[in-house]
Amino acid sequence: MSTTTQLLPATPADEALPPRNTAWRRFRRHRLAMLGAAIILILVLGSYAGPYLIPYNDTYIDIMQRFAPPFSGAHVLGTDELGRDMLARLMMGGRISLAVGFTAMLISMVIGISVGAIAGYYGGVVGSALMRFVDAVLCFPTIFLLLALAALIDPGVTSITLLIAATAWMDVARIVEGQIRALRERDFAVAAEALGASDRYIVFRELVPNAVAPIVVAATLNVAKAILLESYVSFLGYGIQPPVPSWGNMLNNAQIYLTSAPWLAILPGLLITLAVTSFNFLGDGLRDALDPRMESH
Amino acid sequence: MEAGSGDILLEVEKLAIRFRTHGGESAAVSDVSFCLKRGETLAMVGESGSGKSVTSLALMRLLPKAPLCTVSGSVRLRGKDGGMLDVLSLPESRMRAVRGDNVSMVFQEPMTSLNPVQTIGAQITETIRLHRPMGRRAADEEAVRLLDLVGIPAARQRLTAYPHQLSGGMRQRAMIAMALSCEPSVLIADEPTTALDVTIQAQILDLLRRLQEQTGMAVIFITHNLGVVAEIADRVMVMYAGRVVEQADVVPLFRQPLMPYTQGLLRSVPRLDLAGRRTGALSAIRGNVPDPRRPPPGCAFHPRCDFFVGGRCDVQAPALDVTSDDRQVRCLRWSEIAA
Amino acid sequence: MSAILEVENLRKWFPVGGGLFGRGQKQVKALDGVSFTVKPGEILSVVGESGSGKTTLGRTVLRLAEPTGGAIRFEGQDITTLSRRALRPLRRRMQLVFQDPFASLNPRMSVERIVAAPLIIQGGISRAGRQERVAEMLQLVGLQPHHAERHPHELSGGQRQRVGIARALIMNPSFLVADEPVSALDVSIQAQVVNLLLELKERLGLTILFIAHDLAVVGHISDRIAVMYLGRVVELAEAGTLFRDPRHPYTEALFSAAPIPDPTLRRERVILQGDIPSPIDPPSGCAFRTRCRHALPACAAAVPPLREVGPGHFSACIRDDITLQASVSTP
Ligand SMILES: Nc1ncnc2c1ncn2[C@@H]1O[C@H](COP(=O)(O)OP(=O)(O)OP(=O)(O)O)[C@@H](O)[C@H]1O
Ligand SMILES: Nc1ncnc2c1ncn2[C@@H]1O[C@H](COP(=O)(O)OP(=O)(O)OP(=O)(O)O)[C@@H](O)[C@H]1O
Ligand code: SF4
Ligand SMILES: [Mg+2]
Ligand SMILES: [Mg+2]
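Residues numbered from 1 in each chain as written. Chains lettered and ligands numbered in written order. Predicted model: local features only at pLDDT ≥ 70, side-chain atom pairs only at ≥ 80, totals over all residues. Heavy atoms only, no water.

Chemist: Could you give me a rundown of the overall build of chain C, with the residues and numbers involved?
Modeler: On a plain count of helices and strands, chain C comes out with nine helices and 12 strands. Counting only C-alpha atoms, chain C reaches 65 × 60 × 40 Å along its principal axes. Put simply, chain C has 331 residues, and 59% of those count as buried. Residue pairs at least 24 apart in sequence account for 65% of intrachain contacts in chain C once pairs closer than 6 positions are excluded. (Helix = DSSP H or I, 4+ residues; strand = E, 2+ residues; numbered from the N terminus. Buried < 20%, exposed > 50% of the residue type's maximum accessible area, 1.4 Å probe, protein only. Contact = heavy atoms within 4.5 Å.)

As structure tokens, this is what we get:
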């Protein structure tokens, strides 16, 4: 059976296509999101490359140089109550805070996408049971849950990351569940089934890629949320334990020196705000850029 | 169809519509001219995106406002006093009265143009009272009369029904009733039967024909179904890529289409009356409908045309020629082709 | 010649409404006892109004919807209750083309990826082999090689439908269900796709279950035609016979309502009164009797069975004593 013969007059070569990458172009138009992305890039680079570029170690204690204010001497951003260099500490703290944020996001995404996809695809009893569970967990105030859990276990970078992830996956599950439930009714999902595709193929190769837009947005916002949660828990003393610095426990430390050495609180506070706002801006920009309804004609 | 000039209800000349979009300015419709006589049905046919809906919306002045969309040319509509109204320059307040009173419209998907949370009765009486000084009671009676007229059984009970409680065909009837409430002299029907089944479509076509006989209104009927055109039209206007490419009375158009696109279109539809006698392949028009935002140069149909001549058709944009028997055709080679 | 598909008393009911634990639940009888066979190499068309169960029929025979009852035999094998895993190898031989060419193509995938999907899913072919097959298929359906990198939204409706057809044909199926493959297309493009399907049938010996509501297209393409009304087949015959000698009043009405593109043929129509009844509470007896101009009291008594009224011609109407309007005059 020869199938290579052409049965129809070919469609004529079409005119030039509109430029691709419209999502990137839309994103670039979003000023705040571009700014957010730039700030995030600087924060990441600063935290990871920065410590190699400055002459101070974040744990080096210089008793002679306690409470040096910023821009007053060799320490550009001043020193803390033990004479440790603030810039170095902020950089190392950034490593921890950002790493916790990203890792917690990744874990929460994996859990959220899996739960959401299973619930959305299978629906029925399994689906509603899963989603009711998600709703129940969501009803719990996050901070409360986090503090309760943190009080029970030994705080550390790994455990805090896992805890944050455990409180952040439900939103993702909800978003993904809704998307998958709508998508699985679409003809292209039926088409895949008609080709003999397995459930896993249909969910992860056909459906989930169509939900990337909301997933990416949720991921970005989750990083912001995780950074904030980490700071919050550490600030309350249940999170990352000194001497390992994180923006949150630096803030906690700074409380008693609020009037005498305000920069100890202002600097980490500023960075937390900056990071969280930047991720939120980035999320907004991605939401607009990835929304197919914004497709310009 | 002999008629004095007083019988002309609508005159459209050199209508052009441009949209401003992200990609820049684009011409959706250009150089559209036609006129419509009392009691006449003009069918507007063409592929998706050829500008049928946009043209009809321009007649109703329902397109987006100035910077987004610019309309030029002239649209003249006979008012109830017998004088001609210049639709494109009427103030908005006057235009609101003209809509419904002189010209009204029925859309393809009745569900999207009916208010889902208001009863059919409320929507019809509201339209009636907007245009005619009438008490609630009287308007209700009038609504019942209209629903009766369009063949909705148990009309009085239906007044309290919501749109979703009616079938597609009934909703379309309700839309027609609403459009007729002020006895407009021109009714524009934009694919009123496309979403309906053939048996329901037959009911609606029959209804429109009867109403037209009774009231003498003129109808502009937009469709892409040539069967429907043959069924109801007096005159046919074929659109391609935003331009009128052929205009003629229905019988001559079907008997001897002049423009190659019309010819191809008529050849490519299978005929039910020849059904079951396998007649081989249909003669399809090759290629694709052009992107209306980037029409090909010269004659917009040239990439798909069998009579295409390089250096002519792809260079010179053909004008709308008027033939000796008062047909209009836009093709550089129509007289050679016809010979 | 043995049948490629045999459908026996097929039923598909959808539960609707009803509270918790299905109290007060009703059934939409989308298919209520459908039987027919499809012979190898033929095009059997299914026509009927919206909601008559055409799409449900197409999906159920491919086991994309679970039948409520009845039997489906594909190439002699009973597939009514086969598991998804057991169906998988059969899917190479039975395929589906959708009505909406846009909705049935994954918007995130390139044409190449979409057309290659069956090969990826069924496995056993190298990447290079896949590419080659895809190129062959694109050429077969009249697409250019450069279309392979496009995404569905960068194609016209006709081109998208060709992609859908290429995907359905890449595994060399023997049986194709085409669910209104031209309804969403522009008139001038419809003919291209109809011609393509006819050519495929001729050259590849493809068997097609063609679902449509445009009678003219159906008349042009079919060998045999099944007319459906409210989940049942009411008439089944050779295409020529059906148009010349319809035996069910619904077929007559359907033909009569179809507009003919010839203004000199405006004719007296049989215009059906009323709407298609709700499939939740279909009328008793013959479901068509509420709109039928030939109905008798006896029509309400029992569901008329599909009886053979001529060679290979079946009709489900109890009245043998009426002459119906033909759609075409006898030549
Ligand atoms: N509001 C708008 N803004 C920009 N472009 C528009 C707008 N409305 C219509 N157009 C463009 O104008 C052209 C004509 O559209 P129109 O709706 O009149 O087509 P049509 O002939 O009615 O097609 P169909 O048969 O699909 O209804 C199209 O290219 C369309 O994209
Ligand atoms: N998933 C479902 N759940 C409930 N009812 C359904 C479902 N799918 C179809 N139905 C019902 O089954 C009946 C038959 O539907 P089907 O889509 O098969 O009709 P069709 O003949 O293909 O119509 P159309 O011409 O509009 O495509 C309809 O009444 C429909 O409402
Ligand atoms: S102008 Fe040329 S290309 Fe256009 S229809 Fe006439 S012959 Fe064909
Ligand atoms: Mg339109
Ligand atoms: Mg269907």
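Chemist: Break down the interface of chain C and chain A for me, with residues and values.
Modeler: In this assembly, 45 residues from chain C lie in contact with 37 residues from chain A. With both sides pooled, the region where chain C packs onto chain A buries about 3,700 Å², and carbon together with sulfur makes up 54% of that total. Of all residues in chain C, the largest losses of buried area upon contact with chain A belong to R84(C), R108(C) and I121(C), amounting jointly to 16% of the total for that side. Applying the counting rule to chain C against chain A returns two salt bridges. Ionic pairing is found between R84(C) and D199(A), a salt bridge with its closest N-O pair at 2.5 Å. For the pair chain C and chain A, the number of links is 12 residue pairs in polar contact (both at pLDDT 80 or more). Residue assignment for the side of chain C that touches chain A shows that the elements contributing at least two residues are β6 (94-97), α3 (111-122), α4 (127-140), α5 (157-169) and α6 (187-204) of chain C. Taken together, the residues of the side of chain C that touches chain A sort by class into 16 nonpolar, 13 polar and 16 charged. (Buried area = accessible area lost by both parts, 1.4 Å probe. Salt bridge = Lys/Arg side-chain N within 4 Å of Asp/Glu carboxyl O. Polar contact = N/O pair within 3.5 Å; in protein donor to acceptor, adjacent residues only side chain to side chain. Nonpolar A, V, L, I, M, F, W, Y, C, P; charged D, E, K, R; others polar.)

Chemist: Tell me what's going on with the site of ligand 3, and back it up with residues and numbers.
Modeler: Taken together, M259(B), P260(B), C299(B), F301(B), H302(B), C305(B), F307(B), C313(B), C331(B) and L332(B) make up all the residues around ligand 3. The residue inventory of the shell around ligand 3, partitioned by class, reads nine nonpolar, one polar and no charged. (Near = heavy atom within 4 Å.)

Chemist: Describe the interface of chain B and chain C, listing the residues and the values that go with them.
Modeler: The interface of chain B with chain C comprises 49 residues on the first partner and 48 residues on the second. At the boundary of chain B and chain C, one finds zero salt bridges. There are seven residue pairs in polar contact (both at pLDDT 80 or more) connecting chain B and chain C. When the residues that make up the side of chain B that touches chain C are grouped by side-chain class, the tally is 24 nonpolar, 14 polar and 11 charged.

Chemist: Quick rundown of the site of ligand 2? Include the residues and the values.
Modeler: Residue and element names in this part refer to chain C. What surrounds ligand 2 is a group of 13 residues, the closest being S50, G51, K54, T55 and T56. Contact distances for ligand 2 include 2.6 Å between an oxygen atom and a side-chain N or O atom of S50. Here an oxygen atom of ligand 2 and a side-chain polar atom of K54 are 2.7 Å apart. Protein burial of ligand 2: of its 640 Å² of free accessible surface, 64% is covered by the chains. At the level of elements, β2 (26-38) and α1 (54-61) are the ones that each hand at least two residues to the shell around ligand 2. In terms of residue count, α1 provides more of the shell around ligand 2 than any other element does, three residues in total. Along the lines of polarity and charge, the residues of the shell around ligand 2 split into four nonpolar, six polar and three charged. (Areas by Shrake-Rupley, 256 points an atom, 1.4 Å probe, with all protein chains shown as cover.)

Chemist: I'd like a description of helix α7 (residues 187-194) of chain A, backed by residues and values.
Modeler: Among the eight residues in α7(A), seven count as buried, and that is most of the element. By the burial criterion, the buried members of α7(A) are D187(A), F188(A), A189(A), V190(A), A191(A), A192(A) and A194(A).

Chemist: If you had to explain the pattern of salt bridges to someone new, which residues and values would you point to?
Modeler: Under the criterion given, the structure shown has 37 salt bridges over all chains. Here E177(A) makes a salt bridge to R181(A), at a shortest N to O gap of 3.0 Å. Residue E177(A) and its partner R181(A) are both found in helix α6 (residues 157-183); the two are separated by four residues, about one turn of the helix. Overall, E177(A) belongs to the buried group, its relative accessible area being 11%. Its relative accessible area of 44% is what places R181(A) among the partly exposed residues. Linking R145(B) and E142(B) is a salt bridge whose minimum nitrogen-to-oxygen distance equals 2.9 Å. Within this pair, R145(B) and its partner E142(B) are both found in helix α5 (residues 136-149), separated by three residues, close to a single helical turn. Within this structure, R132(A), D135(A) and R174(A) form a network of salt bridges that share partners.

Chemist: An account of the packing of aromatic side chains is requested, with residue identities and associated values reported.
Modeler: Inspection of every chain in the model, using the stated rule, returns 11 aromatic pairs over all chains. Centre to centre, the rings of Y121(A) and Y122(A) are 5.1 Å apart; their planes meet at 85 degrees, and the pair counts as edge-to-face. With 5.1 Å between their ring centres and 85 degrees between their planes, Y229(C) and F288(C) make a pair best called edge-to-face. Of this pair, Y229(C) sits in strand β9 (residues 224-229) while F288(C) is found in the loop between α9 (249-257) and β11 (307-310), placing the two residues 59 residues apart along the sequence. (Phe/Tyr/Trp six-rings, centres within 6.5 Å; stacked < 30°, edge-to-face > 60°.)

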